[in-house]
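In case you want the letters, here they are:
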Amino acid sequence: MIKFPKSFLWGSATSSYQTEGGNKHSDWWYWEIRNKRERSGPACDFWNRYPEYFEYLKQGGMNCFRLSVEWARIQPQKNRWDAKAFERYREIIRDLRKEGIEPVVTLWHFTLPQWLAKTGGWLNPQALAYFEKYVKKAQKELGHEIRYWITLNEPGVYIFKSYLEADWPPQKGIALFDAIKVREVLVRAHQIAFSILKTKINFVSSAFNLSSDEIKNTWNPVNHLVKYFLENFSDWGFLKRLKNELDFIGINYYFHNIINLPYQVAGDNKKSKDRSDLGWEIYPKGIYLVSKKAFSIAKKPIMITENGIADDTDKKRENFLKEHIRWLHRAFEQGTPIIGYLHWSLVDNFEWALGKKPRFGLLAMDYKKMKFLPRNSFWFYKKLIETYTEKV
Ligand code: BGC
C-alpha cells in the first residue's frame, strides 16, 4: 500500500457558532430567541476551553484543525471592531501552532452579524463592501499566522436552507429570485476574499458540499435535466464557477443522490439500511467518486474539509471512518492529489436548526455538566491515522 505522506493533514473540523458559545451578536442568536428555538447558549464553550480541546487533538494524533472566525464577534456593530476578540483568535491560532497543529480557518460559516442581517443580510446592496472590509481586517490581524483559508462554507447549502427551504434565517419562504441574487453575491464574495487573502505562500479555497450524484434510467432525458440543475445550483455549481480562484478544493462530503425519474426526482438509496441518526444514507464510495470528479473539474489538490456522521451511540462511527478513509485512499492511490482529511466533528456541537440532539463528535459532550470525553471512535481514528501514514 502506498501510504499518505507524513505531511498529510489529519484532523477534525468545527465552526465558531456551533462550538464557541455566547455569540450574541450573530443573526442566529436573535433567530433562536425570536422563534423560541433551542438555544445555542454556551455551546461547547470552545471560546474559553480551547486548550483542553487542543490537548485532545494532540492525544488523538491529529496535526490539523479547522475552525472559523465569527464575523459578528469581531465586528459586533457596524462601526466597531473588537480588538480583544482578535487577540483571542490570535491566541487560539498560536496555541495550535505551538502544539504542531495546522489551523485551517474559515471566514464565513453560515452566520452573519445581526446588524447586517437586519438590514437585508447578503441582499443588502452594501453587503459585499462590508464583507470586503471584514476580510481585509481579518487578513491584517491574523493573515501572517494562517496558511490555509476557507472563504465560504457551503454557499449552495446556505442558499437552499435559507432562501428555498426556509429552515434557517432569514427564513423567507420560497424566495427563488432572492436565491438567485444571493448566489451571485456569494460567488463575488469568494472572488473578493480570494484576491485579498492570496499570497505566494498560502492556500485559499471555499468548502463545497459535494454530493455523489448518480443517474438511473439514463435513457430518460428528464433525469439528465435534473442532474444538470442539481449540478449547477448546488455547490458543484459554485465549484465550476470558482475553479480558477482556488488553490485547493475543500470538499465537505455527506450525501448520495440518486436521480431516477419517474420513481424519484433526487434522493438517496431508499433501500439502504445503513443510515445515521439523522436518517442520512452512509455511502463511503461517494467520497472516492466526488474527489475524482472535483479534481477533473478544477485540477487542484483536494482537502476533505468535512465528513462525518450523527451517531449518538458510536456504534457506526468506526466503520464509517474506516470505509470513508479506505475509499479516499483508493482515489489517492489512483493519482488524485488528496492532501488532507478533516472529520466533522471534534466534539458534539450545535447542529443549527436541529439543536444539540444530533451527535457528530469524536468527543461526546455532556451539556449539563459541560464535560467532554472521547468516544471509542476517537481512539479508532487515531489508529487509522497511524495505519495510513508513512513513518518517515
Ligand atoms: C456544515 C456543518 C454541519 C454539518 C453536519 C455541514 O454541512 O458545514 O456546519 O454541522 O454539515 O450537518
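Reading guide: rules and limits
- Residues numbered from 1 in each chain as written.
- Predicted model: local features only at pLDDT ≥ 70, side-chain atom pairs only at ≥ 80, totals over all residues.
- Heavy atoms only, no water.
- Phe/Tyr/Trp six-rings, centres within 6.5 Å; stacked < 30°, edge-to-face > 60°.
- Helix = DSSP H or I, 4+ residues; strand = E, 2+ residues; numbered from the N terminus.
- Buried < 20%, exposed > 50% of the residue type's maximum accessible area, 1.4 Å probe, protein only.
- Salt bridge = Lys/Arg side-chain N within 4 Å of Asp/Glu carboxyl O.
- Pairing = 2+ DSSP bridges.
- Axes fitted to C-alpha atoms, helices over the stretch in contact; angles between N-to-C directions.
- Near = heavy atom within 4 Å.
- Polar contact = N/O pair within 3.5 Å; in protein donor to acceptor, adjacent residues only side chain to side chain.
- 1 Å grid on protein atoms, 1.4 Å probe; cavity = no way out; pocket = protein on both sides within 12 Å on 5 of 7 lines; lining within 4 Å.
- Sits in = over half its atoms within 2 Å of the grid points.
- Nonpolar A, V, L, I, M, F, W, Y, C, P; charged D, E, K, R; others polar.
- Points joined across faces, edges and corners; volume = space filled by probe spheres on them.
- Expected span 1.5 Å × (residues − 1).
- Arc of directions from axis to C-beta.
- Core = buried A, V, L, I, M, F, W, Y, C linked by side-chain atoms within 4.5 Å.
- Contact = heavy atoms within 4.5 Å.

Caption draft 1: Structural detail: the packing of aromatic side chains. Under the defined criterion, the tally for this structure stands at 48 aromatic pairs. Ring centres of Y17 and F350 lie 6.2 Å apart, and the angle between their planes is 65 degrees; on these two criteria the pair is classed as edge-to-face. Here Y17 is found in helix 1 (residues 16-19), whereas its partner F350 is found in the loop between strand 10 (338-344) and strand 11 (363-366), with 333 residues between them in sequence. Across this residue pair, the class does not change: Y17 and F350 are buried.

Caption draft 2: Region of the structure containing the pattern of salt bridges. Counted under the stated rule, the structure contains 32 salt bridges. With a shortest N-O distance of 3.5 Å, K137 and E141 are connected by a salt bridge. One end of the pair, K137, and the other, E141, are both in helix 7 (residues 127-142), four residues apart, so they sit about a helical turn from each other. Between K161 and E165 there is a salt bridge, with its nearest N and O atoms 2.9 Å apart. Taken together, the shared-partner salt bridges in this structure form one network comprising E87, R90, K137 and E141.

Caption draft 3: The pairing of strand 11, seen in detail. Side chains of strand 11 alternate between two faces, with L363 and M365 buried and A364 and D366 left unburied. As paired strands, strand 11 and strand 12 (residues 371-374) are joined by four bridges and run antiparallel to one another. When the bridges of strand 12 are listed, A364 appears paired with L373. Between strand 11 and strand 12, which follow one another and run antiparallel, lie four residues, and M370 among them has a positive phi close to 50 degrees.

Caption draft 4: Layout of the sheet that holds strand 10. Reading around the circumference, 1-2-3-4-5-7-9-10 is the order of the eight strands in this closed barrel, with parallel pairing throughout. Between one strand axis and the next, the sheet turns through 25 degrees on average, direction left out of account. Where strand 1 (residues 9-13) lies against strand 10, five bridges are found, and the strand directions are parallel. Bridge pairing in strand 10 places L9 opposite G340.

Caption draft 5: Focus on the environment of T119. In this structure, T119 sits in the loop between helix 6 (114-117) and helix 7. Relative accessible area serves as the criterion here: at 44%, T119 is assigned to the partly exposed category. Note: C-alpha distance between T119 and R94 (25 residues apart in sequence) is 35 Å.

Caption draft 6: Looking closely at the site of the ligand. Close to the ligand lie 13 residues, the nearest being Q18, N153, E154, E306 and E351. With respect to the ligand, the side chain of H109 contributes an N or O atom lying 2.9 Å from an oxygen atom. At a threshold of 2 Å from the grid points, most atoms of the ligand map onto the largest pocket. Here the residues of the shell around the ligand are counted per class, giving six nonpolar, four polar and three charged.

Caption draft 7: Local environment of empty space enclosed by the protein. For the coordinates displayed, the defined rule picks out two cavities of 30 Å³ or more. Its volume calculated, the largest cavity comes out at about 80 Å³. Surrounding the largest cavity, Y253, Y254, S276, W280, E281, I282, Y283, N307, G308, I309, F320 and H324 form its lining. Tallied by class, the residues present in the lining of the second largest cavity amount to five nonpolar, one polar and three charged.

Caption draft 8: Summary view of helix 14 (residues 376-388). Here helix 14 contains 13 residues, and its C-alpha end-to-end distance of 19 Å stays within 8% of the 18 Å for a straight helix at 1.5 Å per residue. Of the residues making up helix 14, those classed as buried are S377, F378, F380, Y381, L384, I385 and Y388. Viewed along the axis of helix 14, the buried residues span an arc of 160 degrees, placing them on a single side of the element. Exposed side of helix 14, more than 90 degrees from the buried face: N376 and K383 are the residues found there.

Caption draft 9: Molecular detail of the nonpolar core. Counting residues in hydrophobic clusters, the biggest one holds 107 residues, and the most contacted among them are Y53, W122, F131, Y158, L239 and Y341. It is helix 9 (residues 176-197) that provides the largest number of residues to this core, a total of eleven residues. Setting aside residues up to four positions removed in sequence, Y158 forms contacts with W108, F110, L112, W122, Y163, W168, P169, P170, V182 and L186. Counting residues in each nonpolar core, the second largest holds 14 residues, with C64, Y148, A207 and L342 among its members.

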